[in-house]
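Chain by chain, the residues run as shown.
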Amino acid sequence: MDIFEAIQKRYSHKEAFLPDAVPLADLEKIARAGLAAPSGVNRQSVRLVILQNREELAPVCAASAAIGLETAPAAISVLTDKTVTPDGEFNFEKEDYSAAVENMLLAATAMGYSSLWLDSPYFDPVKEKAAREVLGVPDTYRLWATLPIGKPKGEGSRREKLPFEKRVSYGKFSF
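**Q** I keep staring at the pairing of strand β2 (residues 74-81) and nothing clicks. Help me out?
**A** For a regular strand, the rule is simple: side chains alternate between the two faces of the sheet. The element β2 is largely enclosed, with a buried count of eight among its eight residues. Both faces of β2 are covered, namely the face carrying A74, I76, V78 and T80 and the face carrying A75, S77, L79 and D81. In terms of strand pairing, strand β1 (residues 46-51) meets β2 through six bridges, oriented antiparallel. Within β2, the position partnered with I50 by the bridge is I76. The sheet contact formed by β2 and strand β4 (residues 141-150) spans eight bridges and is antiparallel. Bridge pairing in β4 places L79 opposite L143.

**Q** Just checking my understanding: could you explain the pattern of salt bridges for this structure?
**A** Oppositely charged side chains are able to pair whenever their charged atoms sit close together. Across all of its chains, the model carries six salt bridges by this definition. In this structure, K9 engages E5 in a salt bridge whose closest nitrogen and oxygen atoms are separated by 3.1 Å. Highlighted residues: K9 and E5, both in helix α1 (residues 3-9), separated by four residues, approximately one helical turn. R132 serves as the salt-bridge partner of D139, at 3.0 Å between the closest nitrogen and oxygen.

**Q** Which parts of the structure should I look at to understand the sheet that holds β2?
**A** In a beta sheet, neighbouring strands are held together by backbone hydrogen bonds and run either parallel or antiparallel to one another. On the basis of which strands lie adjacent, the open sheet formed by four strands has the order β1-β2-β4-β3 and antiparallel pairing. Unpaired on one side and paired on the other, β1 and β3 (114-115) mark the two borders of the sheet. Sheet strands in contact with helix α3 (residues 54-64) are β1, β2 and β4, and its direction is about 115 degrees off that of β1.

**Q** Whenever I open this one, the nonpolar core confuses me. Can you help?
**A** When a protein is soluble and globular, its nonpolar side chains tend to lie buried together. Judged by nonpolar contacts, the single largest core of 22 residues is most densely connected at I30, V101 and I149. Secondary structure elements with two or more residues in this core: α2 (24-35), β2, α4 (93-110) and β4. Looking at this core, the element that brings in the most residues is α4, giving seven residues. Those residues within four positions of I30 in sequence are excluded, and the remaining contacts are I76, M104, A107, A108, M111, Y113 and I149. Ranked by size, the runner-up nonpolar core spans 17 residues in total, among them F17, L51, A72 and L135.

Rules used throughout
Residues numbered from 1 in each chain as written. Predicted model: local features only at pLDDT ≥ 70, side-chain atom pairs only at ≥ 80, totals over all residues. Heavy atoms only, no water. Buried < 20%, exposed > 50% of the residue type's maximum accessible area, 1.4 Å probe, protein only. Helix = DSSP H or I, 4+ residues; strand = E, 2+ residues; numbered from the N terminus. Pairing = 2+ DSSP bridges. Salt bridge = Lys/Arg side-chain N within 4 Å of Asp/Glu carboxyl O. Contact = heavy atoms within 4.5 Å. Axes fitted to C-alpha atoms, helices over the stretch in contact; angles between N-to-C directions. Core = buried A, V, L, I, M, F, W, Y, C linked by side-chain atoms within 4.5 Å.

The analysis is restricted to geometry; functional conclusions fall outside its scope.
Written as structure tokens, this is what we have:
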């Protein structure tokens with residue numbers, strides 16, 4: 001599948017997954033795609049935790065009440081190392097993690113998997129801390145998202161995108 005097809009086919013899978021295991025080599029390939037993303041000032045702040053099976057994933061689900069993870073056979077948690085991203089105008093943690101997530105979502109789609117950008121549980125600092133503790137992550141890291149990865153159980157629902165013409169103008173803003 002080429003990149004443009006993967007972009008068009010990617011969607012946020014919010015339904016159940018098949019229980020089929022995701023091979024570690026596939027999870028590593030998806031993780032490598034995430035780490036290939038650009039990072040602000042090339043600080044490479046993103047760190048990933050690969051959760052290979054339900055046994056590793058279940059405690060993260062329990063700690064963060066992350067709906068969307070409960071049937072996934074595998075996942076990748078996305079963190080940033082706060083020690084390499086100082087506070088202030090040159091802190092690019094959000095951009096770094098976002099670029100990594102998008103690369104991984106596209107890689108997963110290109111490989112025939114479904115996924116979901118699942119960050120909302122970690123908006124709550126208590127849930128974010130609980131999930132970090134379960135994963136053994138020190139306080140110097142921020143947990144931004146966990147991406148469930150697997151084969152979809154049935155056709156996943158997709159939200160309709162606005163037409164190109166309603167979102168793009170030429171030469172100057174004309175909406």
